[in-house]
Amino acid sequence: MTQTADPATGVPARVELEFQPDGTRVRVPPGVTLFDAASWNGIAIDSTCGGHGTCKKCKIRITGGQVPASALDARAFSPDELRAGWRLACRAQADGDLQVEVPPLVTRPKAATVGVGRQVILRPAAQKRYLELSEPSLSDQRTDLERVLAALDDLELRADLGVLRSLGAVLRAADYRVTAVIIDDVLIDVQAGDTTGRLYGIAFDLGTTTVVATLLDLSTGTPLAVASMLNQQQPFGADVITRISAIMMDPAKMDTLTRLAHQTLAELTADVCGQAGVDPAEVCEVALAGNATMTHIALGIDPEPLGVAPFIMAARQLPEVLAGPDLGLPVHPRARAFMFPAFGAYVGGDITAGLLASGMDRDSRTRLFVDIGTNCEIVLGNRDWLLATAAPAGPAFEGAAIRCGMRAADGAIEVVSMTPAGLDLRVIGDAEPAGLCGSGLVDAVAGLTGVGLLDRSGRFVPEPDAAAIAPGLAGRLTTLGAERVFVLHWLGEPGDVERSVYLSQRDVRELQFAKAAIATGWNILLQEAGLAPGDIQQVLLAGSFGSYLSPASAIRLGLVPRLPVARIVSAGNVAGEGAKMALLSVRERAGALALQEEVRYVELSDRDDFNDAFVDQLQFPA
């Protein structure tokens, strides 16, 4: 494994971690603790304190690379264990590439740690109760349902009709030794024997581009399997507006897009259950975080009003949803689905989930939450107030509309480090470069502005100037047809521009438009709050793209406020983490609903000052 360092600081832009025994490899920004890196990627590390260093249970062993022992490690391990590489995951920072051995869980944790260091008290809405009931007689002629509910007299339950269809046969075949399956206040099943050890849920992050599923053991809070795939609606457009337009032009496409959403979710369900050896019928609850358009389409609700002014949703908070009939999932036939509520047409349930995971409503610090994607959602505030908005960034960060753009897959250039003497690339999968993904695009443009080959307006400098400014790079600045381009990697012979991986002048413009929209969004929120950029104490870069975006490059381009790099934090897939929290804790689920009353949505499209502010943000910072 090789590291690409920022030439200004010498710090690696990404580090690669390999978790054993399953061999999972992940890439994270340097400085992240191994506990958080594992949590973000669904790798279970034992803990009961939530990564705060008090329980000393999160023991891991470094088998490759170096992690200095902390003072807490010295109290948790013997000198021989320290020499053998044992460390506490919550104190071990990933400052370089590492191989990490994770012992199997030896306890049943009372708490699960998710989000940005958040601790969740384990109290899921789903529960199982084992019952040993007395058999009916002439002197005890209670109905089957009355008999079950009497044994659950601490709960006020209602029963689904499907339960009654099989209840009598199950009770008698099991000699009245059964397990009641309950979701909130609903009895959804009565199963023969004691099945209390098998209680599962799936958390979905339903993205416009990528969908992620995490299978959870709800009795322990442990993630059992994680899988992701491209949203199968992709042929109908890279962004929500294009998909809404497809339905407006041909109403029959609504059924097609709904079917594709169900198909994506169903395939992921089969994948994670297959990985963990779990029967999908044992999954009794799911939680789904998605933007308003994806959620509407998945539930078969016409999204057209979301795509035209005044941008109206069918509902912020949805009624009871059944995972099978309403979402097409091959799970328990009466499993429920918790759908995160939305703040507005373009600040959806995925952002509600992200705010829940990041704990912005509980933090005294003023923080800026930025989920960068085709539609960029932005939230500013603290525990006393929260403002939210959405900025139309476009598909540049997903690799779309970029000449050599591609998704973050093997062959994609993900890191570009540049000095006047030359450049260094890091490619996903250590393969031959085939294209440029979003993080590589940001790095490349930031590098070119940093060395002076792009001026503040986003134009490539003339060739004679380039030779004087950056002699090691000037030969890469050329033309393709009438357009100026910068070659990142020659695939054929040097000079064969058409076959190379390059950055075009038009690509720079696409990124400028996206950057300007995002910067305009957070600047307007700062104006609304009466704050200056320096008042922001932390910036959270959320979503899968935010996890791999270089904070230094984001600052250099003006994507985020010009703050010390240490204040820019990669928050990971907080939408998925929030979905997990909703499954693991009814308290956190209530917190997600309460956010609806705590966040004020600011609509950008009807502001008179938006266009002027947008134009002001097109230039790169000096």
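Conventions we followed
- Residues numbered from 1 in each chain as written.
- Predicted model: local features only at pLDDT ≥ 70, side-chain atom pairs only at ≥ 80, totals over all residues.
- Heavy atoms only, no water.
- Helix = DSSP H or I, 4+ residues; strand = E, 2+ residues; numbered from the N terminus.
- Rg over C-alpha atoms; globule rule 2.2 N^0.38 Å.
- Buried < 20%, exposed > 50% of the residue type's maximum accessible area, 1.4 Å probe, protein only.
- Contact = heavy atoms within 4.5 Å.
- Areas by Shrake-Rupley, 256 points an atom, 1.4 Å probe, with all protein chains shown as cover.
- Lys, Arg positive; Asp, Glu negative; His and termini not counted.
- Charge placed at Lys NZ, Arg CZ, Asp CG, Glu CD.
- Pairing = 2+ DSSP bridges.
- Axes fitted to C-alpha atoms, helices over the stretch in contact; angles between N-to-C directions.
- Salt bridge = Lys/Arg side-chain N within 4 Å of Asp/Glu carboxyl O.

**Topic: the overall build of the protein**
Line of reasoning, step 1. Secondary structure assignment for the protein yields 19 helices and 29 strands.
Line of reasoning, step 2. The globule rule puts the C-alpha radius of gyration for 622 residues at 25 Å, and the 26 Å found for the protein is close to it.
Line of reasoning, step 3. If you line up the protein on its principal axes, its C-alpha atoms span 100 × 70 × 50 Å.
Line of reasoning, step 4. Here the protein holds 622 residues, and the buried ones make up 57% of them.
Line of reasoning, step 5. Expressed as a percentage of contacts within the protein between residues at least 6 apart in sequence, the contacts between residues at least 24 apart total 65%.
Line of reasoning, step 6. For the protein, the computed accessible surface area is about 24400 Å², with 51% contributed by carbon and sulfur atoms.
Line of reasoning, step 7. Distance from the positive charge centre (53 side chains) to the negative charge centre (74 side chains) of the protein: 5 Å.

**Section: the sheet that holds strand S22 (residues 422-427)**
Line of reasoning, step 1. Pairing is mixed across the open sheet formed by three strands, whose spatial order is S22-S21-S23. Each edge of the open sheet carries a strand with a single partner, namely S22 and strand S23 (435-436).
Line of reasoning, step 2. Sheet topology places strand S21 (residues 412-419) next to S23; two bridges connect them, and they run parallel. When the bridges of S23 are listed, Ile-413 appears paired with Leu-436.
Line of reasoning, step 3. Seen against the sheet, helix H12 (residues 438-451) touches S21 and S23 and runs at an angle of roughly 15 degrees to S21.

**Comments concerning the pattern of salt bridges**
Line of reasoning, step 1. Evaluation of the coordinates by the stated rule reveals 28 salt bridges.
Line of reasoning, step 2. Between Arg-484 and Glu-463 there is a salt bridge, with its nearest N and O atoms 3.1 Å apart. Residue Arg-484 is found in strand S25 (residues 483-489), and its partner Glu-463 is found in helix H13 (residues 463-469); the two are separated by 21 residues along the sequence.

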